[in-house]
Amino acid sequence: MVLRDLTRVRLTNLDKILYPAAGITKADVLTYYVRAAPRLLPFLHNRPLTMHRFPDGAGGPGFFEKDAPAGTPDWVETFTRRAETAGRDVRYVLCNNLDTLIWLGNLASLEIHTALAAAPAYETPDLLLFDIDPEPPLTFDDVVSVAHIVHGQLENRGLRPYVKTSGKKGVHIVVPLVPGLSFSRVRDFAHGIGKAIARDTPQVVSEFPHSREPGTIFIDYLQNSHGKTMVAPWSLRATPLATVSVPVRWDELKKGVCPEVFNIKTVLSRHEDPWSDIFHDRQKIT
Amino acid sequence: MTGRKSPESPPPAKQASHGKRSPVTKPASMVKTEHLPAGGEEHGAQPGRAFWSGSITIGLVNVPVRLHTMVRDRSFAFRLLHRDDGQPLKYDRVCSRDGKVVPWSETVKGYEIRKGEFLVFEPDELKAILPESDRKIRIDKFVYYLSLDPVYFDSSFILVPDRSEEAYGLLLAALQDLGRAAAGTITLRTKEYPAIVHVYDGALVLTTLRHADEVIPPHAFSILPELPVPKAAELALAKKIVTDLSGDFSINDYPDRYREAVLALVHKKLAGENIVYEEPHPGQAKELMQALQETIATLAKK
């Protein structure tokens, strides 16, 4: 048995170092994604992707790629839609099988970002996203307390939100939606939650112009827009330690948790995936 | 799958005489061919990314532009393989004294002044004399395009307006009406080039030029200035032949026959012969293979 009997992807440069600080090679990255595939693929199904490629590794310059690149194999599924931001048709990659995931890894797409809507109903989001990031000197601990406030607000409205680390300094809170609402409707809802929290919580800001002020946490509702993306759960990040954006239970999200402990070497040993049934728990916002 | 004898077959490779087949061959029926162009038929050129942006500068006037590749090298590349196991060869920098591989960090540049004698240059010393790239195509003057000698033409690039459609269009129209090209300089990466900006098929094109000392003048050959003067009758006949064979030039009359022949050979080989494949090192791929086997099994259960 050889590699090419197991995948249609012609793998290249397997011993290239993609995370220099941690000495992680492309073979390691591919091994990670292959092992994460049973948890990652159900989430990625039919969700237009944005690749964040790092041909020179995590330390080098990366670039975002929405369009299926030249040489995309014909077994990679794609979805073409006009992107208003680009003013033209974009042929998005859909990662609907293991080989496509391996192919993405082989392109050094260390990070996999997805739209908040799935094809073909690409104009109606099926995820509501709160992207919560701290501005220094605030830290992950502060993010944790704000995340729980958002959790409380959503529960008060009868919703069951899910949370994951962003793989960097923040967290992503999502509510899986019954599709049908417009992006602007979902965005207004998220903005309303942010405004309500900002009224009572000093360091929280709900408006974009204040989002970079030191010592604040912005509850970013603007990601709930056509063409915007979220890094996928179980995606690697291009950080020195090869951190992972990992789904966590709400009771795991405590002060003192260091998001760097969730990385390429550790997360696969987590036996549960709090997000595994996320698309069987679609909810309605009012 | 054994080599069929046909007039097109290459001479039998040495591996055949070892009495064993290369471990990395694969029946052609399993070979994927979608990345290969069909014999001769190929897609049109796609515009690539801009690799330089700056301005055409004429005195105080700037026309912001982006530079795109215009010329592609389509020559056919083979890789050199180890005949015994079909693995691609790689190149190493080897010290000529002890034959040992030298890492990049231990290298330095030398300029050979006499055979075996070098002046050593540290990176900083060479960096200091690099021309500054100021992102400008500096135009000194305008010249009749047809007065330029193509032997100096080096490489051509398409100039695309960078939110400067009006100024770009104006320059294009002026050059076109006057039959002129703009002459000046551009710094690309680490080298300054003489260059012209000229009109080509509705676009401005930048063509870098070779420096004067890069082109050998024909009068270096002493036989040329001493050619005999042709006789009138012979000249008249020669001119008649030339006139009779005159026509319009089309580059499409001259396909790349070698490339077509190699591609045809590739397709022929794919249809009937073993193809040598690159195989990752076993150690490198071991964990990945195990992960693949386990994941494929897990996904199959779902």
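Residues numbered from 1 in each chain as written. Chains lettered and ligands numbered in written order. Predicted model: local features only at pLDDT ≥ 70, side-chain atom pairs only at ≥ 80, totals over all residues. Heavy atoms only, no water.

### What about the overall build of chain A?
Filter applied, for reference: Comment: elements are numbered from the N terminus, with helices defined as DSSP H or I runs of at least four residues and strands as E runs of at least two. A 1.4 Å probe rolled over the protein chains alone gives each residue an accessible area, and that area as a share of the maximum for its type sets the label: buried under 20%, exposed over 50%, partly exposed in between. Any two residues whose heavy atoms approach within 4.5 Å at even a single point are treated as in contact. All accessibility values rest on the Shrake-Rupley procedure with a 1.4 Å probe; residue burial counts only the protein chains present in the view.
Helix and strand counts for chain A come out as five helices and 14 strands. In chain A, which comprises 286 residues, the proportion classed as buried is 59%. The long-range share in chain A, meaning contacts at least 24 apart out of those at least 6 apart in sequence, stands at 70%. Put simply, chain A shows about 11600 Å² of open surface, and 53% of that area lies on carbon and sulfur atoms.

### Things to note about the pairing of strand 9 (residues 162-165) of chain A
Residues and elements named next belong to chain A. The line we're drawing: For two strands to be treated as a pair, DSSP must find at least two bridges joining them.
Side chains of strand 9 alternate between two faces, with Tyr162 and Lys164 and Val163 and Thr165 buried alike. Here four bridges tie strand 9 to strand 10 (residues 171-176), and the two strands are oriented antiparallel to one another. Bridge pairing in strand 10 links Val163 to Ile173. Between strand 9 and strand 10, which pair antiparallel and follow one another directly, the connecting turn spans five residues, one of which, Gly167, has a positive phi of 90°.

### Some points on helix 5 (residues 257-272) of chain B
To keep it simple, the criterion reads: By this rule, a helix spans an expected 1.5 Å times one less than how many residues it contains.
Compared with an ideal rise of 1.5 Å per residue, which puts 16 residues at 22 Å, helix 5 of chain B spans 23 Å between its outermost C-alpha atoms and is within 8% of the ideal. Taken as a whole, helix 5 of chain B has its buried residues at Arg259, Val262, Leu263, Leu270 and Gly272 of chain B.

### So, the packing of aromatic side chains
How two aromatic rings sit relative to each other is set out by the distance from centre to centre and by the angle between their planes. Residue and element names in this part refer to chain A. Basically, it comes down to this: Any pair of Phe, Tyr and Trp rings, taking the six-membered ring for Trp, is counted once the centres come within 6.5 Å. Such a pair is stacked with planes under 30 degrees apart, edge-to-face with planes over 60 apart, and tilted for the rest.
Tallied over the entire structure, the rule returns 10 aromatic pairs over all chains. The interplanar angle of 50° and the centroid separation of 6.1 Å between the aromatic rings of Phe43 and Trp275 together place this pair among those described as tilted. Here the residue Phe43 occupies a position in helix 2 (residues 26-44), and Trp275 occupies one in the segment after strand 14 (247-248), the gap between them amounting to 232 residues. With relative accessibility at 4%, the residue Phe43 sits in the buried group. Given a relative accessible area of 4%, Trp275 falls into the buried group.

### Focus on the side chain of Arg259 of chain B
To be explicit about the condition: Polar contact criterion, stated in full: a pair of N or O atoms within 3.5 Å, where within protein one must be able to donate a hydrogen and the other to accept it, and residues adjacent in sequence count only if both atoms are side-chain atoms.
Within the secondary structure, Arg259 of chain B sits in helix 5. Here the side chain of Arg259 of chain B touches Arg74 of chain B through a polar contact of 3.0 Å, landing on its backbone oxygen.

### Looking at the nonpolar core
As a reminder, the rule being used: Take the buried residues of types Ala, Val, Leu, Ile, Met, Phe, Trp, Tyr and Cys, join any two whose side-chain atoms come within 4.5 Å, and each joined set is a nonpolar core.
Within the largest apolar cluster, 103 residues are counted, with the highest numbers of intra-cluster contacts made by Phe130 and Ile173 of chain A. Counting residues per element, this core draws most heavily on helix 2 of chain A, at 12 residues. Look past the residues within four positions of Ile173 of chain A in its chain and what remains in contact with it is Leu128, Leu129, Phe130, Ile132, Ala147, Val150, Leu154, Pro161, Tyr162, Val163 and Trp250 of chain A. With 22 residues, the next largest nonpolar core counts Phe157, Leu159, Tyr168 and Leu188 of chain B among its residues.

### Looking at the environment of Ala121 of chain A
All names here are of chain A. Tracing the backbone shows Ala121 in the loop between strand 7 (111-115) and strand 8 (127-134). For Ala121, a relative accessible area of 38% gives the class partly exposed. The sequence separation of Ala121 and Gly180 amounts to 59 residues, and the corresponding C-alpha distance is 8.6 Å.

### What to know about a nonpolar patch on the surface
The criterion, for reference: Patch definition: residues above 30% relative accessible area lacking any salt bridge, with like charges linked at up to 9 Å and the nonpolar side chains Val, Leu, Ile, Met, Phe, Trp and Tyr linked at up to 5 Å. The salt bridge definition used is simple: a Lys or Arg side-chain nitrogen within 4 Å of an Asp or Glu carboxyl oxygen.
Nonpolar side chains collect at one region of the surface, where Ile216, Phe221, Ile223, Leu224 and Leu227 of chain B lie side by side and expose about 560 Å² of accessible area between them. Since its relative accessible area comes to 38%, Leu224 of chain B is described here as partly exposed.

### Some remarks on the sheet that holds strand 7 of chain A
All names here are of chain A. Inclusion rule: For helices, the fitted line uses only the C-alpha atoms of the stretch in contact; every axis is such a line through C-alpha atoms, and the angle between N-to-C directions lies from 0 to 180 degrees.
Read across the open sheet, the four strands follow the order 4-3-7-13; overall the sheet is antiparallel. The open sheet is flanked by strand 4 (63-65) and strand 13 (229-231), the only strands paired with a single partner. The mean inter-strand angle of the sheet, taken between neighbouring strand axes irrespective of direction, is 30°.

### Things to note about the side chain of His151 of chain A
Tracing the chain through its elements places His151 of chain A in helix 4 (residues 140-156). Setting aside chain neighbours within four positions, we find His151 of chain A in contact with Pro161 and Trp250 of chain A.

### Things to note about the confidence of the model for chain B
Residues and elements named next belong to chain B. For clarity, the threshold we go by: The quantity called pLDDT is the predictor's confidence in a given residue, expressed from 0 to 100.
Per-residue pLDDT for chain B has a mean of 81; in total, 80% of the residues score no lower than 70. Within chain B, strand 10 (residues 203-209) carries the highest mean pLDDT (96), whereas helix 1 (residues 14-17) carries the lowest (39). Confidence over residues 1-33 falls short of pLDDT 50; this stretch has 47 contacts with residues more than four positions distant or in other chains. Taken as a whole, residues 38-43 scores under 50 in pLDDT and shows eight contacts with residues more than four places along the chain or in a different chain. This prediction of the complex comes with two scores: 0.55 for pTM and 0.87 for ipTM.

### A few points about the packing of helix 2 of chain A against helix 3 (residues 98-106) of chain A
The relative placement of two packed helices comes down to the angle between their axes together with the axis-to-axis distance. All names here are of chain A. Put simply, the rule reads: An angle below 35 degrees is treated as roughly parallel, one above 145 as roughly antiparallel, one from 65 to 115 as roughly perpendicular, and anything else as oblique. Note: crossing handedness is left-handed where the near helix turns anticlockwise from the far helix by less than a right angle, and right-handed where it turns clockwise.
One way to put it is that helix 2 packs onto helix 3 with a least axis distance of 9 Å and a crossing angle of 140°. Taken together, the axis directions place helix 2 and helix 3 in an arrangement best described as oblique. Considering only the axes of helix 2 and helix 3, their crossing is right-handed. Where helix 2 abuts helix 3, its residues Lys26, Leu30, Tyr33, Val34, Ala37, Leu40, Leu41 and Leu44 lie against Leu98, Leu101, Ile102, Gly105 and Asn106.

### Focus: the sheet that holds strand 7 (residues 153-161) of chain B
All names here are of chain B. Around the barrel, which closes on itself, the seven strands sit in the order 2-3-7-10-9-8-6 with mixed pairing between neighbours. Strand after strand, the sheet turns through a mean of 40° between neighbouring axes, direction not considered. Contacting strand 2 (50-58), strand 3 (61-69), strand 6 (136-144), strand 7, strand 8 (180-188), strand 9 (191-200) and strand 10, helix 3 (residues 165-178) runs over the sheet at an angle of about 70° to strand 10.

### Some remarks on the packing of helix 4 of chain A against helix 5 (residues 183-200) of chain A
Residue and element names in this part refer to chain A. The cut-off we apply is this: Any residue outside Ala, Val, Leu, Ile, Met, Phe, Trp, Tyr, Cys, Pro, Asp, Glu, Lys and Arg is labelled polar, Gly included; the first ten of those are nonpolar and the last four are charged.
Closest axis-to-axis distance for the helix 4/helix 5 pair is 10 Å, and the angle between their directions is 120°. With respect to helix 5, the axis of helix 4 lies oblique. Both helix 4 and helix 5 take part in a crossing whose hand is right-handed. For the pair helix 4 and helix 5, contact is made by Ile149, Val150, Gln153 and Leu154 and by Phe189, Ile193, Ala196 and Ile197, respectively. Residues belonging to the contact of helix 4 with helix 5 are distributed by class as follows: seven nonpolar, one polar and no charged.

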